[in-house]
Amino acid sequence: LLTILSVIMKDIFQVEYVLGKISQNVLWKALSTPDGLACWFADQVEEEENMFVFHWGKSKQNAVILSKKSNNLVRLHWEEEDPRFYFEIKLSVSELSGDAILRITDFCESTSDMHDLTEWWNMKIECLRKSFGI
C-alpha cells in the first residue's frame, strides 16, 4: 500500500487599492463590522464570539478573527483552510496625499489562481467603492 501525502503550498499575494479621501471611521466600520462587511463583502455577515460568519446565497463560510486592530487591520482565517493561511485587510493613510489605502494580503496556489484572486478582490473593492460612495 502506497500512501502519498500532498502538502499544498501557497504563495502570498498582496494588492493595494487607493481609495481617496474618506473618513477613516467610515472605512473602518466597512472593514470590521458585520453590517459594514455585508454592504460589500458578502450577502450577510454575523459575528459570533471570535468569528465572522459570511453568507453568500445559500452557502456560508466561517472566518476566525485572528487579529483586529482598530483603524488598522483585520486578519481572518477561513475555518476549513490550513491554519498557516489567512487573509488580511490593512488600512493606512498616505502621508503625502492623505488618501486611504487598503492593502489586501491573501494566499493563492498558482499563477492562474492569482489572476482569479486579483479579479475577485477588484470586484469586491468596486462593491466597497459603490456602497460607500468612494
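Analysis parameters
- Residues numbered from 1 in each chain as written.
- Predicted model: local features only at pLDDT ≥ 70, side-chain atom pairs only at ≥ 80, totals over all residues.
- Heavy atoms only, no water.
- Helix = DSSP H or I, 4+ residues; strand = E, 2+ residues; numbered from the N terminus.
- Buried < 20%, exposed > 50% of the residue type's maximum accessible area, 1.4 Å probe, protein only.
- Contact = heavy atoms within 4.5 Å.
- Salt bridge = Lys/Arg side-chain N within 4 Å of Asp/Glu carboxyl O.
- Phe/Tyr/Trp six-rings, centres within 6.5 Å; stacked < 30°, edge-to-face > 60°.
- Pairing = 2+ DSSP bridges.
- Axes fitted to C-alpha atoms, helices over the stretch in contact; angles between N-to-C directions.

What follows deals with the overall build of the protein chain. Within the protein chain, the regular secondary structure consists of 3 helices and 7 strands. The helix and strand sequence of the protein chain, counted from the amino end, reads β-α-α-β-β-β-β-β-β-α. Overall, the C-alpha framework of the protein chain stretches about 60 × 30 × 25 Å when taken along its three principal axes. Per-residue burial for the protein chain yields a buried fraction of 40% across its 134 residues. In the protein chain, the share of contacts with a sequence separation of at least 24, taken over all contacts with a separation of at least 6, comes to 45%.

Taken as a whole and assessed by the stated rule, the structure comprises 5 salt bridges. A salt bridge links Lys21 to Asp99, with the shortest nitrogen-to-oxygen separation between them at 3.2 Å. Residue Lys21 is located in the loop between strand S1 (11-20) and helix H1 (24-32), and its partner Asp99 is located in the loop between strand S6 (87-93) and strand S7 (100-108); the two are separated by 78 residues in the primary sequence. The exposure class assigned to Asp99 is buried, which follows from its relative accessible area of 16%.

Looking now at the packing of aromatic side chains. Applying the stated rule across the entire model yields 15 aromatic pairs. Summarising the aromatic geometry, the rings of Trp40 and Phe41 are spaced 5.4 Å apart at their centres and angled 70° between planes, so their arrangement reads as edge-to-face. Owing to a relative accessible area of 2%, Phe41 belongs among the buried residues under this scheme. A centroid spacing of 5.8 Å and a plane angle of 40° characterise the contact between Phe41 and Trp121, whose relative ring orientation is tilted.

Taken together, 7 strands build an open sheet; the order of strands is S1-S7-S6-S5-S4-S3-S2 and the sheet is antiparallel. Both edges of this open sheet fall to S1 and strand S2 (44-48), since each of them pairs with a single strand only. Each neighbouring strand pair of the sheet contributes to a mean axis angle of 25°, computed without reference to strand direction. Alignment of strand S4 (residues 59-69) against strand S5 (residues 73-78), held across 6 bridges, turns out to be antiparallel. Its bridge partner lying in S5, Ile65 is registered against Leu76. Sitting on the sheet, H1 touches S1, strand S3 (51-56), S4, S5, S6 and S7, and the angle it makes with S6 is about 180°.

Right, let's talk about the environment of Val18 for a bit. If you trace the backbone, Val18 turns up in strand S1. Distance from Val18 to Val93, taken between C-alpha atoms, is 9.2 Å for residues 75 residues apart in sequence. Val18 has contacts with Asp99, Ala100, Ile101 and Arg129, leaving out every residue within four places of it along the chain.

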